[in-house]
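# Reading the structure
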Amino acid sequence: VLPLLGAFVAESSIVSENVLRDTIAEKYNNLEKFTESATLLKKIKVPKGAGGRPPIGPPPKLPTASEMPIAVVIPSVPSQGRNPNYKTWSSRTYKPSIDLDTCIRCKTCWIFCPDGAIDMKGDEYPSIDYNYCTGCGICINNCPVGAYDTRLEMKQEVLT
Amino acid sequence: MNQIGARKELITGCVSVAHAIRLADVDVISAYPIRPYTGVMNAVAEMLGAGSFDAEYIVADSEHGQFEIGKHASMVGARSFVGSSGVGWAYAAEAIIITASNRAPVVALVGNRALDDPGAFGTEHNETLMTRDIGWMFSWACDAQEAMDLTLLSYRISEDPRIMLPSAVCADGSFTTHIKYPVEIPSQEQVDRFLPPYKRSFVLHPDNPITVAPQCDDKYVFETRKQIDDAVRKEPLVIEEAHRNFSKIFNRQHDPFLEKYFTDDADIIFIGIGSMALAARASVRELRNKGEKVGFVRIKRFRPFPTEELRSLLRERRAIGVVDVDFSFGSPNHGGVLYQELRSTLYDEPDKPPIVNFIAGLGGRPITLNTFMEIADITFKTAEKRKPEKDVYWIGVRA
């Protein structure tokens, strides 16, 4: 427990390290393990925020009723672009992936993708923008060489 | 001076609305037959056939398709006209709702007709009133002249950049739509002066691709409702402006919200909507001859509801008799829709008069002088006792 506690103190600012240090010295008379991990963790630079991800900023400022154009009119996304405010990945349960060794670059998937989530410029291999892929599987069904594979992205566990 | 070029003809309400469509130079007319609205569709088809004006005339597959066509035409910047009656209006309800939320200033004629079943052609106001909450404006004509004037006014008000919401001109089935009245048909020059061309700031066009009304989550839906609320609050001002301008150009006076018939010194006031005004006026004249101080108020616009006008007109009267040509089963006191609106309007008044409700003329049963005499008797008793004996009376029904 004591090394874990040391790591916890180093990472968070909920409890002051000194207060805990005094308590541990008084009760357990064993500060060695605690200090060791606390010092070690302080040396590693961990960015703030959960899981080491960059900090979450304030929520984006949304337009007020008078700022919004009437009838929810939105300008079209420029050619070759995608709507940065409306990503459609959240309904996906199956995630397609491409085997580039099998792919013949025929553009069939690029034509059939109903969400325009596949990028394919010139002679390049297709790549999927997973922010917009809904996992519908149309690319898998239409691939003439079976270069597409799919795997279950979310696993539901039934509690018994 | 303004009358130059205007002419007078004996025509039905449907034909007079068709004349308004011709004069407003409507671009797209989407039609699907249902009586009594069909009268307009026929008259417009005849005018187009005779080359009186030019427009795209689309007969839809159903009322739902019809209202969708009208809405889409409006979105690409075309002035469009639609219309229906009874169950047709109900079938188009989905398209009717999005016409308002897409801010398409379509104008529709509703030939008020009883909802099926049983199938009937007579007047009832329920089909219109069930769409009262979605942002459409509803005005009610009581004769052919008013049907024409309100159609012209509706285009002007709806297409105002401050509003951009659709309008329905309601006309009682057969009584207003199919009875001939002498109607003054204005000249094209007059209408052109009154009605500016329709301009839309967000036009659907391939040169400037836009998405209108996409699927969006709670981050935006609430704000779009507020936008419509903001526009609706501006409607009374725009309506008054349009009416002032109308009377200048066409030399006809119109109170924008209420027809007040002998109301100045009236102790007792009857209130109703639509063609019943003819019987109401006759009964008011007869009762005045007998020395009774009665008056009649016809509500010409149901949305926006003339709340302030009615408050100042009705406070401190001895009794109010509300005549509903509609029903609202299970509503407070089991009264009609207009009754509920009026009670709510007068709730904050310290000296509110007693209100008694009459359900009359359902299914097109004529509201006659005798109907109004019966209504008057009960309203007088209500005034004497300072409260209604019964809240709601069904008049002229075999009960």
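This write-up is about the structure you can find in this document. (Residues numbered from 1 in each chain as written. Chains lettered and ligands numbered in written order. Predicted model: local features only at pLDDT ≥ 70, side-chain atom pairs only at ≥ 80, totals over all residues. Heavy atoms only, no water.)

### Re the environment of Ser66(A)
Residues and elements named next belong to chain A.
- Along the chain, Ser-66 falls in the loop between helix 3 (32–43) and strand 1 (74–75).
- The exposed category is assigned to Ser-66, whose relative accessible area is 67%.
- Each C-alpha atom, one on Ser-66 and one on Val-77, is 23 Å from the other, the two residues being 11 residues apart in sequence. (Helix = DSSP H or I, 4+ residues; strand = E, 2+ residues; numbered from the N terminus. Buried < 20%, exposed > 50% of the residue type's maximum accessible area, 1.4 Å probe, protein only.)

### Let's talk about the interface of chain A and chain B
- In this assembly, 14 residues from chain A lie in contact with 19 residues from chain B.
- Overall, the association of chain A and chain B removes approximately 1,500 Å² of surface from exposure, summing both partners, and the carbon and sulfur fraction of that is 72%.
- For the chain A face of the interface with chain B, the top three residues by lost area are Ile70(A), Ala71(A) and Val72(A), together amounting to 35%.
- Between chain A and chain B we count zero salt bridges in total.
- Counting the contacts that link chain A with chain B gives six residue pairs in polar contact (both at pLDDT 80 or more).
- Residue composition of the side of chain A that touches chain B, by class: 12 nonpolar, two polar and no charged.
- Bridging between strand 1 of chain A and strand 9 (residues 210–211) of chain B involves two bridges; their strand directions are antiparallel. Note that in strand 9 of chain B the partner of Pro75(A) across the bridge is Ile210(B). (Contact = heavy atoms within 4.5 Å. Buried area = accessible area lost by both parts, 1.4 Å probe. Salt bridge = Lys/Arg side-chain N within 4 Å of Asp/Glu carboxyl O. Polar contact = N/O pair within 3.5 Å; in protein donor to acceptor, adjacent residues only side chain to side chain. Nonpolar A, V, L, I, M, F, W, Y, C, P; charged D, E, K, R; others polar. Pairing = 2+ DSSP bridges.)

### As for the sheet that holds strand 4 (residues 80–84) of chain B
Residue and element names in this part refer to chain B.
- Taken in spatial order, the seven strands make up an open sheet running 3-2-4-5-7-6-13, and their pairing is mixed. Across the chains shown, the open sheet's two edge strands, defined by having one partner strand only, are strand 3 (56–59) and strand 13 (301–303). Going from strand to strand, the sheet's axes swing by 20 degrees on average, the running direction of each strand aside.
- Bridge count between strand 6 (residues 137–141) and strand 13: two bridges; the pairing is antiparallel. Pairing of Phe-138 across the sheet is with Arg-303, part of strand 13.
- Sheet strands in contact with helix 3 (residues 63–75) are strand 2 (28–31), strand 3, strand 4 and strand 5 (107–112), and its direction is about 160 degrees off that of strand 4. (Axes fitted to C-alpha atoms, helices over the stretch in contact; angles between N-to-C directions.)

### Side note on the packing of aromatic side chains
- Enumeration over the complete set of coordinates arrives at 12 aromatic pairs over all chains.
- When the ring of Phe270(B) is compared with that of Phe372(B), the centres are 5.8 Å apart and the planes differ by 65 degrees; the resulting orientation is edge-to-face. Taken together, the residues span a long stretch of sequence, with Phe270(B) in strand 11 (residues 268–272) and Phe372(B) in helix 13 (residues 369–385) at a distance of 102 residues. Phe372(B) shares its class with Phe270(B); the two are buried.
- Aromatic side chains Phe296(B) and Phe372(B) sit 6.3 Å apart centroid to centroid with 90 degrees between the ring planes, which places their arrangement in the edge-to-face category. Pair noted here: Phe296(B) is in strand 12 (residues 294–299) and Phe372(B) is in helix 13, with a separation of 76 residues, a long-range link. In this pair, the class of Phe296(B) matches that of Phe372(B), namely buried.
- When the ring centre of Tyr125(A) is taken as reference, the NZ or CZ atom of Arg105(A) above it lies at 4.7 Å.
- In this arrangement the basic side chain of Lys107(A) is found over the ring face of Trp110(A), its NZ or CZ atom lying 6.0 Å from the centre. (Phe/Tyr/Trp six-rings, centres within 6.5 Å; stacked < 30°, edge-to-face > 60°. Lys NZ or Arg CZ within 6 Å of the ring centre and 35° of its normal.)

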